[in-house]
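The residues making up each chain are set out below.
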Amino acid sequence: MYRVPYKKNYKRKVDSGNHFHNVLCLSEAKGMDIKMKIGFIGLGIMGKPMAKNLLKAGYTDLLVNNRSQASVQELVAAGAKAASRQEIGAQCDVVITMLPNSPQVKEVMLGEDGVASYMNPGAVFIDCSSITPIVSKEIYAKLQEKGIEMLDAPVSGGEPKAIDGTLSFMVGGKQSVFDTYKPILDTMGSSAVLCGDVGAGNTTKLANQIIVACNIQALAEALTLAQKAGVDPELVFQAIKGGLAGSTVMNAKAPMMIAGNDKPGFKIDLHIKDLNNVLDCAHAVGAPVPMTAEVQEILQWLHNHDGGQKDHSAIAQYYEYLADIHIGR
């Protein structure tokens, strides 16, 4: 197994005609850590662009696996290699997963023909899925029996930031493991913060999902108020986005609400899954989360009205239904 601490790849400006472009200095990268073999399982809305960014950064020894073969073939065309779970487990120094929820991660890693049964001592598992901290710890305990380390590293930023490689990683695991493998996360994101032991990453992600969901709900209520009061929601957005109410959530979701664009960057059904995990965790530790419970009911209403595959900004459509309006339109 190829096992060396990684250095972060850097960029330099290159003169191309009359223009300067930032490009990855592959000549420098090739002498460092590009030999590491990485397995990536889960090529959905988030996983596919994340895997592509690994390739772009020079991690060309990339094995990929996904239930949908169309995504696999797209990655193969970009330079990856299609592989079975067994091949990924047996051959890879690092295995990364980006899967929908706890049952899928547990099945892929620990189920019949699970990846963990083929992994070698010294390998590392990085789970970028958003799952319950309890399952993260359960998987880690099993991996420790085989001498395998783990980071739970869920992300925030949605599809746009997955595409441009500016995701935020919330990480749980040992400091030494985090320090060694952080450069891999850095190729897919703009920040990676170690929050504690395994499980802390997903606890942090749950906190993130509370804030995002409640922000979207508040934004939808505010724009509904503006529309009903006869004030242009677009002008309200422009007026307040630079003040205390401004946020990344507002900047991303207000234009979607105003345009009636519900193309998913993050689907309602996935946010329902995350908030179910929030409520389960909150009940277990005794944390009061009444706002989360309320927005979960709104998301569930949307799911029951054929909105589960829409972007979570479609929370606005719940208010549009109640108020008999179309925000900004």
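Here's a quick rundown of the structure. Worth saying up front: this structure is predicted, and the values here are computed from it rather than measured.

With that settled, the discussion passes to the pairing of strand E11 (residues 189-196). Two faces belong to every sheet, and in a regular strand the side chains alternate between them. Two strands pair when backbone bridges link them, and strand E10 (residues 167-172) and E11 are joined in this way by 6 bridges, in the parallel orientation. Of the residues in E11, the one forming a bridge with Leu-167 is Gly-189. Taking the sense of rotation as the criterion, the β-α-β connection linking E10, helix H8 (residues 175-186) and E11 turns out right-handed.

Below, the discussion takes up the packing of helix H2 (residues 47-56) against helix H3 (residues 69-78). Across the interface, H2 lies against H3 with an axial gap of 10 Å and an inter-helix angle of 15 degrees. Classed by the angle they form, the pair H2 and H3 counts as roughly parallel. The interaxial crossing formed by H2 with H3 has right-handed handedness. Each of Lys-48, Ala-51, Lys-52 and Leu-55 in H2 lies in contact with H3, whose residues at this interface are Ser-71, Glu-74, Leu-75 and Ala-78. Here the contact of H2 with H3 is composed, by residue class, of 4 nonpolar, 1 polar and 3 charged.

With that settled, the discussion passes to the side chain of Ser-313. Summarising the element assignment, Ser-313 is placed in the loop between helix H13 (290-307) and helix H14 (315-323). Take Ser-313: its relative accessible area is 3%, and that puts it in the buried class. Polar side-chain contacts of Ser-313 include one of 2.7 Å to the side chain of Asp-311. If we skip the residues at most four places from it in the chain, Ser-313 touches Ile-216, Lys-253, Met-256, Met-257 and Asn-261.

Basis of the calculations
Residues numbered from 1 in each chain as written. Predicted model: local features only at pLDDT ≥ 70, side-chain atom pairs only at ≥ 80, totals over all residues. Heavy atoms only, no water. Pairing = 2+ DSSP bridges. Helix = DSSP H or I, 4+ residues; strand = E, 2+ residues; numbered from the N terminus. Right-handed = clockwise from strand over helix to strand, strands pointing away. Axes fitted to C-alpha atoms, helices over the stretch in contact; angles between N-to-C directions. Parallel < 35°, antiparallel > 145°, perpendicular 65-115°, else oblique. Left-handed = near helix turned anticlockwise from the far one by under 90°. Contact = heavy atoms within 4.5 Å. Nonpolar A, V, L, I, M, F, W, Y, C, P; charged D, E, K, R; others polar. Buried < 20%, exposed > 50% of the residue type's maximum accessible area, 1.4 Å probe, protein only. Polar contact = N/O pair within 3.5 Å; in protein donor to acceptor, adjacent residues only side chain to side chain.

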